[in-house]
Amino acid sequence: MRKSRALLVLALTISVIIINQPRSEAIENDLGLWTPIYIKAPITERFITQLEVNPRIQENISNFNQLLIRPSIGYQWTKNLSIWQGYAWVTNYIPNFINENRIWQQILYEREIGRFILSTRSRLEERFIENVHGVPVRFRNMFRAQYALDKNKNWAFVIYDEPFINIGNHFRGPQSGIDQNRFFAGLNKKISDNASIE
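Residues numbered from 1 in each chain as written. Predicted model: local features only at pLDDT ≥ 70, side-chain atom pairs only at ≥ 80, totals over all residues. Heavy atoms only, no water.

(A) Structural context of the environment of Gln50. With respect to the helices and strands, Gln50 occurs in strand β3 (residues 47–58). When near neighbours in sequence (up to four residues on either side) are disregarded, Gln50 contacts Tyr38, Ile39, Lys40, Arg70, Pro71, Ser72 and Trp84. (Helix = DSSP H or I, 4+ residues; strand = E, 2+ residues; numbered from the N terminus. Contact = heavy atoms within 4.5 Å.)

Pasting the structure below:
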């Protein structure tokens, strides 16, 4: 009960911070197609590893825009709570090729209730972006719900929302405030106990 209250207070605090951040740029809508592949495997009883490979097509599903490769290692603190350390190699192709390396830390809370899996994830990223001075820092917080469509949980409907907030201003780089907000609704296909596609 205390953990639930603490998580609720944390979520509300983060929401207030997000709402009070100035917008860094005008709002731009873009329909994209992402085909992420997630592979998750236990190392020991408490240590976990995960690999995400995520090609992304943007500009209203017309151009290959980005490739993201994100390996990580996690520690299962409790049944529902894990902490993670990871790296991301991100290549952006539009409008010009830009290489980015990220180091990130996150805390993940997941809870299964019947056919639902509810989760919240808070991530802090240190970004090393080509031609940007300094190390931009970005905070992300995702709220996610997944509902199994069959009793074997091979197919699921997924919906999530994830605001991104830049912390600080950087010459030729990210400016302080809301960077973007990602909203997703779609299907998740379980390939095995350790792999899925969304």
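(B) Looking closely at a nonpolar patch on the surface. On the surface, Ile113, Phe116, Leu118, Tyr147, Leu149, Trp155, Phe157, Ile159, Phe183 and Leu187 cluster together into a nonpolar patch covering about 920 Å² of accessible area. Of all the elements in the fold, those that place two or more residues in the nonpolar patch are β7 (116–129), β9 (155–167) and β10 (177–192). A total of 3 residues in the nonpolar patch trace back to one element, the largest contributor, which is β9. Of note, Trp155 is situated in strand β9. A residue is classified by how much of its surface remains accessible, and Trp155, at 40% relative accessible area, is partly exposed. (Patch = residues over 30% accessible without salt bridge, like charges linked within 9 Å, V, L, I, M, F, W, Y side chains within 5 Å. Areas by Shrake-Rupley, 256 points an atom, 1.4 Å probe, with all protein chains shown as cover. Salt bridge = Lys/Arg side-chain N within 4 Å of Asp/Glu carboxyl O. Buried < 20%, exposed > 50% of the residue type's maximum accessible area, 1.4 Å probe, protein only.)

(C) Molecular detail of the packing of aromatic side chains. The tally for this structure, following the rule as stated, stands at 6 aromatic pairs. Following the ring pairs from residue to residue traces out a cluster consisting of Phe47, Tyr75 and Trp77. In this arrangement the basic side chain of Arg56 is found over the ring face of Trp34, its NZ or CZ atom lying 3.8 Å from the centre. For the cation-ring pair, Arg123 lies above Trp104, with the distance from its terminal atom to the ring centre recorded as 4.0 Å. (Phe/Tyr/Trp six-rings, centres within 6.5 Å; stacked < 30°, edge-to-face > 60°. Lys NZ or Arg CZ within 6 Å of the ring centre and 35° of its normal.)

(D) Layout of the nonpolar core. Listed in full, the 7 residues of the largest apolar core are Ile48, Leu68, Trp84, Ala88, Val90, Trp104 and Leu108. Elements that contribute at least two residues to this core include exactly β5 (81–92) and β6 (98–113). Element by element, the count of residues in this core is highest for β5, at 3 residues. Leaving out residues up to four positions away in the same chain, Ala88 has contacts with Ile69, Arg70, Glu100, Asn101, Arg102 and Trp104. (Core = buried A, V, L, I, M, F, W, Y, C linked by side-chain atoms within 4.5 Å.)

(E) Focus on the pattern of salt bridges. Within the structure shown, the criterion is met by 12 salt bridges. Between Arg70 and Glu52 there is a salt bridge, with its nearest N and O atoms 2.9 Å apart. With Arg70 in strand β4 (residues 63–76) and Glu52 in strand β3, this pair connects stretches of sequence that are 18 residues apart. This pair shows no difference in class: Arg70 is buried, exactly as Glu52 is. Two residues, Arg138 and Glu125, come together in a salt bridge whose shortest N-O distance is 2.8 Å. Taken together, the residues Arg138 in strand β8 (residues 137–148) and Glu125 in strand β7 connect sequence positions 13 residues apart. When its relative accessible area of 2% is taken as the criterion, Arg138 is described as buried. Judged by relative accessible area, Glu125 falls into the buried class, the value being 0%. Salt bridges here are not isolated pairs; linked through shared partners, they connect Glu100, Arg102, Arg121, Glu125, Arg127, Arg138, Arg140, Glu162 and Asp179.

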